[in-house]
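# Chain and residue survey
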Amino acid sequence: MSQRELVVLGTASQVPTRHRNHNGYLLRWDGEGLLFDPGEGTQRQMLQAGVTATGITRIAVSHFHGDHCLGLPGVVQRINLDRVPHPVDAYYPASGQVFFDRLRHASVYHATADLRERPIAGPGPLEAPGAPFELSAVRLSHPVESFGYRLTEPDGVRLRPERLRELGLRGPLVGQLQRDGRVEVDGRTVLLAEVAETRPGQRFAFVMDTRLCDGVAELAEGADLLAIEATFLEADAALAEEHGHLTAAQAARVAAEAGVRRLVLTHFSQRYPDLQAHRAEAEKHFGGEVVIAEDLARIPVPPRR
Ligand SMILES: [Zn+2]
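This is a predicted model, so every value here is computed, not measured.

## Remarks on the coordination of the zinc ion
Note on the zinc ion: its protein donors are His63 (NE2), His65 (ND1), His142 (NE2) and Asp209 (OD). The metal-donor distances range over 2.2 to 2.4 Å. Because the angles between the four donor atoms bound to the zinc ion fall within 85 to 176 degrees, the donor set is best described as irregular. Donor residues binding the zinc ion come from one chain and are separated in sequence as H-x1-H-x76-H-x66-D. Judged by relative accessible area, which is 0%, His63 ranks as buried. Residue classification places His65 among the partly exposed positions, given a relative accessible area of 30%.

Printed below as a string of structure tokens:
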């Protein structure tokens, strides 16, 4: 059974609170573990959440404001300390290479791991060797260059058992049909398309630090699970626009239009001690399931359609 879930390591924007660590998220997707935006304290939060350094296969940083990357030195050094045996691909805006260099080499350690730098020069598909999904970056709108990430599983094919029965197909004939795309039964040729249907692949989107822009909608389109910043409430929409952030209502409206299935709001400003208003605002605009992210929560990707 494959395991697909978002492990929330932290949910605070800008400054942590007594109940919220700085940002950080690990997406578990079958054998992969994608660590998004590790803020300060991520290594300790990983421990609390039962996430090991070896569980990380990729790191993706949206932008280089501190709350999204100051956890990198600890995580990178831990990956080396634990001698993680597989390569780890690190994605980040190429314009922030100087920051990545500093964070990667913040202090002295013994390098043992294969950390592969994959700076993003512009939006589009990203190289993701060995991944069972396509990974792409979309440009967002923030005071510094910021990219959102989208993970897309290719569509699959599912055989319809009732069609197989109707056509008298079973056993080795089914195998032959799958292998060759056609098979002879009772003097008739049956094509794979007659008994198969498309099984849509799943999609995950990560939208962090942006004001409302086309990129938000592009990332959210058809996402089974959308993790999106909702730093502010609609009453503070002018502040959100000025600082390059979203309100809960904006995030929910985009999610509704994009056909998102499960909406995860996070990256909350410390000005809101209680997030009931975020929930109410989101539920007003989004009819699906709204999750207000809590530190150390595990949020499953909805079952495949
Ligand atoms: Zn930011």
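## Focus on the sheet that holds strand β17 (residues 289-292)
What the seven strands build is an open sheet, ordered β7-β8-β9-β14-β15-β16-β17; its pairing is mixed. Looking at the sheet topology across the chains shown, the edges are occupied by β7 (124-126) and β17. Within the sheet, the average angular offset between the axes of one strand and its neighbour, ignoring direction, is 20 degrees. The sheet contact formed by strand β14 (residues 203-207) and strand β15 (residues 225-229) spans four bridges and is parallel. Within the sheet, the bridge partner assigned to Phe204 lies in β15 and is Leu225. Docked against the sheet, helix α9 (residues 248-258) engages β15 and β16 (262-266), running at close to 160 degrees with respect to β16. Its contacts with the sheet place helix α10 (residues 276-285) against β16 and β17, and it is angled at close to 160 degrees to β17.

## Some thoughts on the side chain of Arg104
With respect to the element layout, Arg104 can be found in helix α3 (residues 97-104). By relative accessible area, Arg104 is classed as buried at 17%. Separated by 2.6 Å, the side chains of Arg104 and Glu117 make a polar contact. Apart from residues no more than four positions distant in its own chain, Arg104 is found in contact with Val76, Tyr109, Leu115 and Glu117.

## Side note on the domain arrangement of the chain
Along its sequence, the chain is organised into domain 1 (4-155 + 200-300) and domain 2 (158-197). A straight line from the C-alpha centre of domain 1 to that of domain 2 covers 43 Å.

## A look at the packing of α9 against α10
Between α9 and α10, whose axes approach to 8 Å, the crossing angle comes to 30 degrees. Relative to α10, the element α9 is oriented roughly parallel. α9 and α10 meet at a crossing whose hand is right-handed. Along its contact with α9, which presents Ala248, Ala249, Ala252, Arg253 and Ala256, the element α10 presents His278, Glu281, Ala282 and His285. In terms of residue class, the contact of α9 with α10 is made up of five nonpolar, two polar and two charged.

## Some points on the pairing of strand β6 (residues 115-120)
Alignment of strand β5 (residues 88-93) against β6, held across six bridges, turns out to be parallel. Residue pairing in the sheet places Ala90 in a bridge with Glu117 of β6. Running through α3, the crossover from β5 to the neighbouring parallel element β6 is right-handed.

## Some points on the environment of Glu162
Positionally, Glu162 belongs in helix α4 (residues 161-166). A relative accessible area of 34% means that Glu162 is categorised as partly exposed.

## Focus on unusual backbone geometry
The backbone of Asp209 sits at a positive phi, close to 45 degrees, despite the residue not being glycine. In this fold, Asp209 is placed in the loop between β14 and α7 (214-220). At His267, a position not held by glycine, the phi torsion is positive, near 60 degrees. By the secondary structure assignment, His267 is in the loop between β16 and α10.

## Overview of α3
Because each turn of an α-helix spans 3.6 residues, side chains separated by three or four positions end up pointing in the same direction. Buried within α3 are the following residues: Phe100, Leu103 and Arg104. Along the long axis of α3, the arc covered by the buried residues comes to 95 degrees, so they all point the same way. Elements in contact with the buried residues of α3: α2 (72-81), β5 and β6.

Reading the values: the criteria
- Residues numbered from 1 in each chain as written.
- Predicted model: local features only at pLDDT ≥ 70, side-chain atom pairs only at ≥ 80, totals over all residues.
- Heavy atoms only, no water.
- Donors = N, O, S within 2.8 Å, 3.2 Å for Na, K, Ca; no water.
- Tetrahedral: all angles 85-135°; square planar, octahedral: opposite > 155°, others 65-115°.
- Buried < 20%, exposed > 50% of the residue type's maximum accessible area, 1.4 Å probe, protein only.
- Pairing = 2+ DSSP bridges.
- Helix = DSSP H or I, 4+ residues; strand = E, 2+ residues; numbered from the N terminus.
- Axes fitted to C-alpha atoms, helices over the stretch in contact; angles between N-to-C directions.
- Contact = heavy atoms within 4.5 Å.
- Polar contact = N/O pair within 3.5 Å; in protein donor to acceptor, adjacent residues only side chain to side chain.
- Domains from an automatic or database assignment.
- Parallel < 35°, antiparallel > 145°, perpendicular 65-115°, else oblique.
- Left-handed = near helix turned anticlockwise from the far one by under 90°.
- Nonpolar A, V, L, I, M, F, W, Y, C, P; charged D, E, K, R; others polar.
- Right-handed = clockwise from strand over helix to strand, strands pointing away.
- Arc of directions from axis to C-beta.

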